[in-house]
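# A structural walkthrough
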Amino acid sequence: MANGNTLSVTVSPHIHSREKVSNAMRDVLIALIPVTAVAIGFFRWDAVINIAVCMATAALTEVVARLIARKKITLNDYSALLTGLFLALLLPPATNWWAGVIGTVIAVGIAKELLGGLGRNYFNPALFGRVSLILLSTWYVWIGGGGFKGTINGVTSATPLFYLKSGATGVRPGYLSLFLGNPGGSLSEVSILAVLVGAAYLFYRKVITWEIPAAIIVSAFVLSAILGMDPLYSILAGGLMFGAFFMATDWVTSPSGRNAQLVYGLCIGILVVLIRKFTAAPEGVAYAILIMNAFTPLLDRVLLPKKFGAVREST
Amino acid sequence: MGKLKTFKGGIHPEYNKELSSSKAIRPAPIPERLIVPLSQHVGAPCDPIVSAGERVELGQKVGHSEAYVSAYVHSPVTGVVEEIVSRKNFAGQTVTCVVIAADKEQADFPKRSGFALESFTGEQIREIARDAGLVGMGGAAFPTHVKLSPPKDKPVDTVIINACECEPFLTCDYRLMIERADDLISGALMLKKAVGAERVIIGVEANKQDAADILKSKASGTPEVSVELIEVKYPQGAEKMLIYALTGRKVPPGKLPSEVGCLVQNVGTAVALFEAVAWGKPLYERVVTVTGPGINEPANLLVRVGTPISVLIDACGGYSREAPGKLIMGGPMTGWAQEDASTPVVKGTSGVVVLGKEAGAVVEESECVSCGKCIIACPMMLTPNLIVRSAKRGQWDRAKEFGALDCFECGCCSFECPAYIPHIKYVRRAKSMLATATK
Ligand code: SF4
Ligand code: SF4
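Here is what the cut-offs are and how they apply
Every chain is numbered independently, its residues counted from 1 as its sequence is written. Here the convention is simple: chains get letters from A, ligands get numbers from 1, in the order in which they are written. Per-residue local features are limited, in this predicted model, to residues with pLDDT of at least 70; the limit for side-chain atom pairs, both in listing and counting, is 80 or more; totals at the level of whole chains, interfaces and linings are taken over all residues. Calculation of side-chain values draws on the structure's entire complement of heavy atoms; hydrogens and water are dropped beforehand. In this text, helices come from DSSP runs of H or I with a minimum length of four residues, and strands from runs of E with a minimum of two, each type numbered from the N-terminal end. By this rule, a helix spans an expected 1.5 Å times one less than how many residues it contains. The rule is simple: take the accessible area with a 1.4 Å probe, protein chains only, and divide by the maximum for that residue type; under 20% is buried, over 50% is exposed, in between is partly exposed. Between N or O atoms, a polar contact is any pair within 3.5 Å; within protein, one atom must be a potential hydrogen donor and the other a potential acceptor, and residues adjacent in sequence are included only when both atoms are from side chains. Here, residues are in contact when the closest pair of their heavy atoms is within 4.5 Å. A side-chain nitrogen of Lys or Arg and a carboxyl oxygen of Asp or Glu constitute a salt bridge if their distance falls within 4 Å. Either an automatic procedure or a domain database provided the assignment from which the domain bounds are taken. Throughout, buried area stands for the accessible area (probe radius 1.4 Å) lost by two parts on being put together, summed over both. Classification used: nonpolar for Ala, Val, Leu, Ile, Met, Phe, Trp, Tyr, Cys and Pro, charged for Asp, Glu, Lys and Arg, polar for all others including Gly. One heavy atom suffices: a residue is near a molecule or strand as soon as one of its heavy atoms comes within 4 Å of it. Strand pairing requires that DSSP identify at least two bridges connecting the strands. Here, the term nonpolar core denotes a set of buried Ala, Val, Leu, Ile, Met, Phe, Trp, Tyr and Cys residues that are joined through side-chain atoms within 4.5 Å. Between 30 and 60 degrees the pair is tilted, below 30 it is stacked and above 60 it is edge-to-face, where a pair is any two Phe, Tyr or Trp rings, Trp via its six-membered ring, whose centres lie within 6.5 Å. Look at NZ for Lys and CZ for Arg. If either is within 6 Å of the ring centre and within 35 degrees of the ring normal, a charge sits over the ring.

## Points about helix 7 (residues 267-279) of chain B
In an α-helix there are 3.6 residues to a turn, and that puts residues three or four apart on one side. Residue and element names in this part refer to chain B. In this model helix 7 runs 18 Å from its N-terminal to its C-terminal C-alpha over 13 residues, within 8% of the 18 Å that 1.5 Å per residue would give. Counting buried residues along helix 7, 13 of its 13 residues qualify, which places the element largely inside the surrounding structure. At the N-terminal boundary of helix 7, the capping side chain belongs to Asn266, with an oxygen 3.3 Å from the backbone nitrogen of Gly268. One or two positions beyond helix 7, positive phi appears at Gly280, with a value near 75°.

## Regarding the interface of chain B and chain A
Counting residues at the interface gives 63 residues for chain B, matched by 36 residues for chain A. Counting the contacts that link chain B with chain A gives two salt bridges. The partner of Lys307 of chain A in a salt bridge is Asp406 of chain B, with the nearest N and O atoms 3.0 Å apart. Across the chain B-chain A interface, the total number found is 18 residue pairs in polar contact (both at pLDDT 80 or more).

## Some remarks on the domain arrangement of chain B
All names here are of chain B. Domain boundaries in chain B define domain 1 (120-279) and domain 2 (373-437). Relative to domain 2, the C-alpha centre of domain 1 lies at a distance of 29 Å. Of the residues lining the interface, seven residues belong to domain 1; the matching set on domain 2 comes to six residues. The junction of domain 1 with domain 2 conceals about 460 Å² of combined surface from both sides, 76% of it contributed by carbon and sulfur atoms. There are zero salt bridges connecting domain 1 and domain 2. In the side of domain 1 that touches domain 2, the residues fall into five nonpolar, one polar and one charged.

## Brief notes about the site of ligand 2
Near ligand 2, the surroundings consist of Cys368, Val369, Ser370, Cys371, Gly372, Cys374, Asn385, Cys417, Pro418, Ala419, Ile421 and His423 of chain B. Looking at the shell around ligand 2, its residues break down into eight nonpolar, four polar and no charged.

## Structural notes on the pairing of strand 5 (residues 61-64) of chain B
Residue and element names in this part refer to chain B. Bridge count for strand 3 (residues 47-48) against strand 5 is two bridges, and the pairing is antiparallel. Bridge pairing in strand 5 links Asp47 to His64. Inspection of the sheet shows strand 5 paired to strand 6 (residues 73-74) by two bridges, in the antiparallel sense. Within strand 6, the position partnered with Lys61 by the bridge is His74.

## Section: the site of ligand 1
As a matter of local geometry, ligand 1 sits amid Cys378, Pro379, Met380, Pro384, Cys407, Phe408, Glu409, Cys410, Gly411, Cys412 and Cys413 of chain B. The class makeup of the residues in the shell around ligand 1 is nine nonpolar, one polar and one charged.

## Section: the side chain of His14 of chain A
Mapping His14 of chain A onto the fold places it in the segment before helix 1 (21-31). Of the residues examined, His14 of chain A reaches a relative accessible area of 5% and is grouped as buried. A distance of 2.8 Å separates the side chain of His14 of chain A from the backbone oxygen of Gly335 of chain B, its partner in a polar contact. Apart from residues no more than four positions distant in its own chain, His14 of chain A is found in contact with Lys326, Ile328, Gly331, Pro332, Gly335, Trp336, Ala337, Leu355 and Ala359 of chain B.

## Some remarks on the sheet that holds strand 3 of chain B
With antiparallel pairing, the three strands of this open sheet are ordered in space as 3-5-6 (chain B). Of all the strands in the sheet, the pair left with one neighbour each is strand 3 and strand 6 of chain B.

## Some thoughts on helix 5 (residues 97-114) of chain A
Residue and element names in this part refer to chain A. End to end, helix 5 covers 24 Å across 18 residues, agreeing with the expected 26 Å (1.5 Å per residue, within 8%). Within the span of helix 5, buried status applies to Ala99, Gly100, Gly103, Thr104, Ile106, Ala107, Val108, Gly109, Ala111, Lys112 and Glu113. Backbone geometry just downstream of helix 5 places Gly116 in the positive-phi region, at approximately 115°.

## Details of the nonpolar core
Counting residues in each nonpolar core, the largest one holds 92 residues, and the members touching the most others are Leu32, Phe86, Phe242, Phe246 and Ile268 of chain A. Counting residues in each nonpolar core, the second largest holds 54 residues, with Leu117, Ala132, Leu191 and Ala270 of chain B among its members.

## Quick notes on the packing of aromatic side chains
This structure, assessed with the given rule, holds 12 aromatic pairs over all chains. Ring geometry for Phe308 of chain A against Tyr244 of chain B: centres 5.8 Å apart, planes inclined by 90°, an arrangement best described as edge-to-face. With Phe308 of chain A in the segment after helix 15 (284-302) and Tyr244 of chain B in helix 6 (residues 239-247), this pair bridges two chains. When its relative accessible area of 27% is taken as the criterion, Tyr244 of chain B is described as partly exposed. Ring geometry for Phe90 of chain B versus Trp336 of chain B: centroids 6.2 Å apart, planes at 75°, classification edge-to-face. With Phe90 of chain B in the loop between strand 7 (79-88) and strand 8 (94-102) and Trp336 of chain B in strand 16 (residues 336-337), the pair connects residues that are 246 residues apart, well separated along the chain. Grouped by ring-pair contacts, the aromatic residues Phe115, Phe120, Phe274 and Trp279 of chain B constitute a single cluster. Positioned over the ring face of Phe7 of chain B is Lys233 of chain B, at 4.4 Å from the centre of the ring. We note Lys250 of chain B situated over the ring of Phe308 of chain A; from NZ or CZ to the ring centre the distance is 5.6 Å.

Next up, the structure:
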């Protein structure tokens, strides 16, 4: 500063909780350790390779995108690494490694950086990448390459969701096996217990609050029951728990106000069940969250908290 | 102990009160030259009624205004007016100041004695408050006589003494509660009489249990005065939060406490009113907590208005490090960072807080990540993130809808914000844009 003045003159407040965006991102990485460990335990090298490839691609994509845009490299906020890990966890274990690369480039390059970087993205980058891959694979079967629907480790191609939809109960995995560990679907869908352990850490670190996950789980449970689907199975299968605690709570793409969060969660829960019931899409959770991402700005603006002392909404 | 009363939202910063809480109030040295701003309050500035070369007595009025919402200014010393100048005040506004050279010998203020509250009417107390130049001493510095004259159709039944001192680091009110408990209670009873209220509630944060005990025992013979412990949380001392915690009444947005029959005054103001009524002493000095990790010997000093803060820093053993990072007038949550230590103390200065290098390091604000922490923290239930977004886009009406005008700048939002967004900067911009828009 001029004239050797070292005093900093900024607007109040002058003290801070010292929490940083990067701390929170790091917390989410930590919270993903149980899920990741279980995935690796079940799928071994398939999981290791997917995770490594996606995370490396994510970091590289972010650096390149930022260099092109002449912006500061922000790898140290961990958000790119996190997107990479998330995407890997959303993929089935037998996915070709280069499909992971394509998905990650789309996630970090397009869904995040092209829109201006962390904070400006409208869609959850990892989900965006995941869904892009699904859409691409239906057009170009070679991207799927047998990866999405292939058989691995002797488990049939039918994911637990298949049983939910068909109503066949004879051979489906039991509740307990879904809870503790059952390889089917994507890496993150293996163990509900692992998801809950991670989620507990996120609550403890105050990265997430209860509103969104609770609204999703409750609404999915209730609507499933109404539509005659097994409600408990409905919330335990198909990555709903992982989506509710880890994906739908993504800061940037979910509403920031409590009322808006409740409505957002409610709509996701409803959409998940409707998609599962009436379409053939296996990724109901991903679609539901992405659809609601689009409504986040609107929900936040319309469902404002009631101001202190306000009798009714003014104007 | 049951659950203590409080409000929704708010934050739990580190309080750091122990640095100075055990230090008894002692007088600060009187500097050779004092710079006395003629606008130390909310409302119309005073005009000087003395000129260069004129002798002034301790407590003599030097600034006057005919405007109702204003507060007279009195000489903090006996001495000679050197000059009338314009200079920046603690908040960066240019104000007229009377510069006074203090005499070497300073006599004590000639206190009036033989005080009896019965001999004063409410009307007289309000008059005295005005003549003594009283303002709210918690920081906002709103003229006291104006607050003591609520609208006729809004009778005040409850006087609340704000004894929370919820700002971290500050202990000046705490020391007054311990050392001047009797005077504080007398002052509270004067406030009660001035507005014709039925009761006085002294709201103390639970981290000042000892002060609350002293007040309780002193007030034991006065049934209309009660002392209540409330939860330790910032900003528990904000008017609306305090009223809500103590009475369950909610002041509507844009309204004053009289709307719900309350008057809130802080500890320092109540003691100052006592001194004005009982002793005839105008407000020309106050207790200032000089503290922080950057100061050698934290202290609670009785300081004459107009004393440059450099004098206080010297009186506290100077800076404890090579270079302090931040010099704050007021508390760390709502105070003002100073460019240098030449700024004079005013009636609303509750503290001088010196923070170290880390606090001085400016963390660049990054993009809002929509985490919602600011919303959870906001005691007014606003959406600080959306106020900022609207302000950045120049959508002032929207900023208003999200609560820009309801924000009382407590700083909870920025304290919690992981993106280090200075919400108050944007709130102030929105407020001034909206103010010019309605003109
Ligand atoms: S918006 Fe205003 S009132 Fe709300 S927390 Fe921020 S500074 Fe305080
Ligand atoms: S706390 Fe900061 S980052 Fe979080 S929503 Fe508020 S403004 Fe945005």
